[in-house]
Amino acid sequence: MCICINCQYVDRCNTYYAVETQHQQKHLTEKPEFEPEKPSINVNIRTDSDCIEIEWDVVGCESFTEDMGKWARLRPGEAIPT
Ligand code: SF4
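A brief structural summary.

Basis of the calculations
Residues numbered from 1 in each chain as written. Predicted model: local features only at pLDDT ≥ 70, side-chain atom pairs only at ≥ 80, totals over all residues. Core = buried A, V, L, I, M, F, W, Y, C linked by C-beta atoms within 7 Å. Buried ≥ 20, exposed ≤ 12 C-beta atoms within 10 Å, placed from the backbone. Helix = DSSP H or I, 4+ residues; strand = E, 2+ residues; numbered from the N terminus. Contact = placed C-beta atoms within 7 Å. Pairing = 2+ DSSP bridges. Near = placed C-beta within 6 Å. Nonpolar A, V, L, I, M, F, W, Y, C, P; charged D, E, K, R; others polar.

### As for the nonpolar core
And then number 1: One finds C4, V10, C13 and Y16 to be the most contacted residues of the largest nonpolar core, which totals 13 residues.
And then number 2: No other element matches helix α1 (residues 14-22), which puts three residues into this core.
And then number 3: Setting aside anything within four residues of it in sequence, one finds C13 in contact with C4, P32, F34 and P36.

Okay, structure coming up:
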């Protein structure tokens, strides 16, 4: 799971914006302006018989600042990205 969903910068961050783009998810902001320090992204590639799924997760980041449930508070009632 992406650590960004519990980070205070999730709705301002350039890296999380790129993750949303990769997942074809709706963006939390159209104008991210926060540049995180050294985010590490884990890319998982799953292949099925007829499709390839690529999942991007931020697994480490020096700018991570815990704010539990930040994403969920911004999108009440929506499924939390995994
Ligand atoms: S953990 Fe890092 S990459 Fe993720 S939202 Fe926070 S600052 Fe951005």
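Once the structure has been displayed, the description carries forward.
### Side note on the pairing of strand β2 (residues 52-60)
And then number 1: Pairing of strand β1 (residues 40-47) with β2 involves eight bridges; the strand directions are antiparallel. The partner of N42 across the bridge, within β2, is D57.
And then number 2: The antiparallel hairpin formed by β1 and β2 contains four residues in its connecting segment.

### Some remarks on the site of the ligand
And then number 1: With respect to spatial proximity, 14 residues lie near the ligand, and among them C4, C7, C13, P36 and C61 are the closest.
And then number 2: Tallied by class, the residues present in the shell around the ligand amount to twelve nonpolar, two polar and no charged.

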